[in-house]
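# Coordinate analysis (summary)
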Amino acid sequence: MTELIFNAFVMNTCSHIQHGLWRHPEARQADFNDVAVWIDLVRTLEDGLFDTVFFADVMGLYGPLGGAYEINAREGLQIPSNDPSVLLAALAVNTEHLGLAFTSSIMQAHPFEFARRVSTLDHISKGRIGWNIVTSTQENAARNFGFDRLTPHDDRYDWADEYVEVVYKLWEGSWDDDALLKDRARGVFSDHRKIHKIHHAGKRYRVEGPHLPSPSPQRTPVLFQAGSSGVGRSFAARNAEAQFIVPPHPAAATELINETRAIAQSFGRRPDDIKFLQGMTFVIGSTEAEAKRKEAELESYLSAEGFLAHLNIGVAQDTGRAYPPDMLLKDIRTNGNQSQIEWIRRLVPDREPTVADLGRLVPRRQPRLVGTPEQIADKLTLWQAAGIDGVIVVNWMIPASYREFADHLLPTLQQRGLAKRAYRPGTLRQKLFGSDRLNERHPAAQYRGAFASAEATTARSGMN
Ligand SMILES: Cc1cc2nc3c(=O)[nH]c(=O)nc-3n(C[C@H](O)[C@H](O)[C@H](O)COP(=O)(O)O)c2cc1C
């Protein structure tokens, strides 16, 4: 039995996914401004032998273009929120093994600046950084960066193609491995002949280079992706080393994984070059009855309005106000997530579902495994047989859900061979794939050494 990868899914905000739970007396997510909450969390995660903590992030409000945000503010729905990359620097020095992954949208940072920030974090963490590449789906985010509207869906992925090209050039191609000398005797810190400008000139970006940081332990951070559309999946198949997925059951996971692996092969990658991490949530009890009781108690805190606002449905597009609970779904007009509404309609076959049904069912979007540690291990075995490599553990409460995992679920998973018993040494990529650097099949690898000859002939010793 191969061990699963375990990834803790969080966000530097109060209400990330399980809306309403921040009100629970054991929940500390409301105090997310306090770095001590996060330091406590990452130490808990290392006790639980988690491979990575993964910070989601968004650059604006959920909701209609120019709409109200009363619900967002009331629910703490991803506002207020803080920058995860700044926080990761603090978490890096308070952990030793945990991978530290974060989302950054192609819209939010210029690739030159972003590449430098990531390299800095990879140095600080000694090679434990991961990047979730996102293209952003919020209209408000687009307006925060000077656009009238969100760039059309497929064009965002063209943008992403150029964005990753720039950062790959900087991370993989700009510095030779032996450029940094620190030669005190000769007084040469680094060898300019081995540091290269990249001279990128594309549709959106012109970046001369060189990359300012010297190579970090992983150079390119471990690349995560979560796109699920056709182009999103194709982008992931080319670029991702780990793909976040949320199909509702194991058979759907198998289909998605096989399809994405086949696309990856068409790009010259190997099927196992990508790890598939399935989102799910746990409710653990010492008996099944206790787990069910706990589930009911947790559910009593859930806020349907928060979920509906997050999904951009259940909220009137013009006013930003919640629809009444007894409103029929067929009367909702949305250009948001229509497929979610259809999905819910199928779950309530005997009558036309209402907004209240939507609120009740949406929190079950990701699979929820409820039961004793043995029962949960049985279900995880089925998921593993379906092809997943790991789990994104969606929490109810920080840090309580992960403390519970470490204390009550991990020992059983270890006995069953589903979880590791100790961390392996090395960088995040070393732990996941057995090597510090991206393999040669990845598109970033083509930039290794690619800028060397041009620079060698034009090398100058300028004083600026
Ligand atoms: C587990 C998971 C985590 C995600 N995290 C983020 C995130 O932090 N920020 C974000 O803007 N989108 C996030 N997304 C959304 C995806 O990046 C992507 O935009 C969405 O799945 C739609 O993909 P598509 O445009 O290819 O259809 C996440 C999706 C999943 C499944």
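Residues numbered from 1 in each chain as written. Predicted model: local features only at pLDDT ≥ 70, side-chain atom pairs only at ≥ 80, totals over all residues. Heavy atoms only, no water.

## Focus: the overall build of the protein chain
Across its full length, the protein chain carries 16 helices and 13 strands. Its C-alpha radius of gyration of 23 Å places the protein chain within 12% of the 23 Å reference for a compact globule of 464 residues. Expressed as lengths along the three principal axes of its C-alpha atoms, the size of the protein chain is roughly 75 × 55 × 45 Å. Within the span of the protein chain, comprising 464 residues, buried residues form 56% of the whole. Considering only contacts within the protein chain whose residues lie at least 6 apart along the sequence, 76% involve residues at least 24 apart. For the protein chain, the accessible surface area stands at approximately 20,000 Å², while carbon and sulfur atoms represent 51% of it. (Helix = DSSP H or I, 4+ residues; strand = E, 2+ residues; numbered from the N terminus. Rg over C-alpha atoms; globule rule 2.2 N^0.38 Å. Buried < 20%, exposed > 50% of the residue type's maximum accessible area, 1.4 Å probe, protein only. Contact = heavy atoms within 4.5 Å. Areas by Shrake-Rupley, 256 points an atom, 1.4 Å probe, with all protein chains shown as cover.)

## Quick look at the packing of aromatic side chains
Applying the stated criterion across every chain, the model contains 20 aromatic pairs. Look at phenylalanine 224 and phenylalanine 244: their rings are 5.3 Å apart centre to centre, the planes differ by 15°, and that puts the pair in the stacked class. Here phenylalanine 244 lies in strand β10 (residues 242–245) and phenylalanine 224 lies in strand β9 (residues 222–225), a separation of 20 residues in the sequence. Three or more aromatic residues joined by ring pairs form one cluster here, namely Phe102, Phe114, Trp131, Tyr163, Trp171 and Tyr205. Taking NZ or CZ as reference, arginine 238 lies 5.1 Å from the ring centre of phenylalanine 267, over its face. (Phe/Tyr/Trp six-rings, centres within 6.5 Å; stacked < 30°, edge-to-face > 60°. Lys NZ or Arg CZ within 6 Å of the ring centre and 35° of its normal.)

## As for the confidence of the model for the protein chain
On average, residues of the protein chain score 92 in pLDDT, and 94% of them are at 70 or above. Per-residue pLDDT stays below 50 along residues 459–464; that stretch engages in three contacts with residues further than four places along the chain or on separate chains. (pLDDT = per-residue confidence, 0-100.)

## Quick word on the environment of lysine 169
Note on placement: lysine 169 falls in helix α6 (residues 153–173). Filtering out sequence-adjacent residues up to four positions away, lysine 169 remains in contact with Ser174, Ile198, His200, Tyr447 and Phe451.

## Looking at the site of the ligand
In the neighbourhood of the ligand, 18 residues make up the surrounding shell, with Asp57, Thr103, His153, Tyr157 and Ser229 lying closest. The separation between an oxygen atom of the ligand and a polar side-chain atom of histidine 153 is 2.7 Å. Here an oxygen atom of the ligand and a side-chain polar atom of serine 229 are 2.6 Å apart. The fraction of the free accessible surface of the ligand (620 Å²) that becomes covered by protein chains is 81%. Where the shell around the ligand is concerned, the elements lending two or more residues are β4 (129–134) and α6. Residues of the shell around the ligand, tallied by class, amount to nine nonpolar, eight polar and one charged. (Near = heavy atom within 4 Å. Polar contact = N/O pair within 3.5 Å; in protein donor to acceptor, adjacent residues only side chain to side chain. Nonpolar A, V, L, I, M, F, W, Y, C, P; charged D, E, K, R; others polar.)

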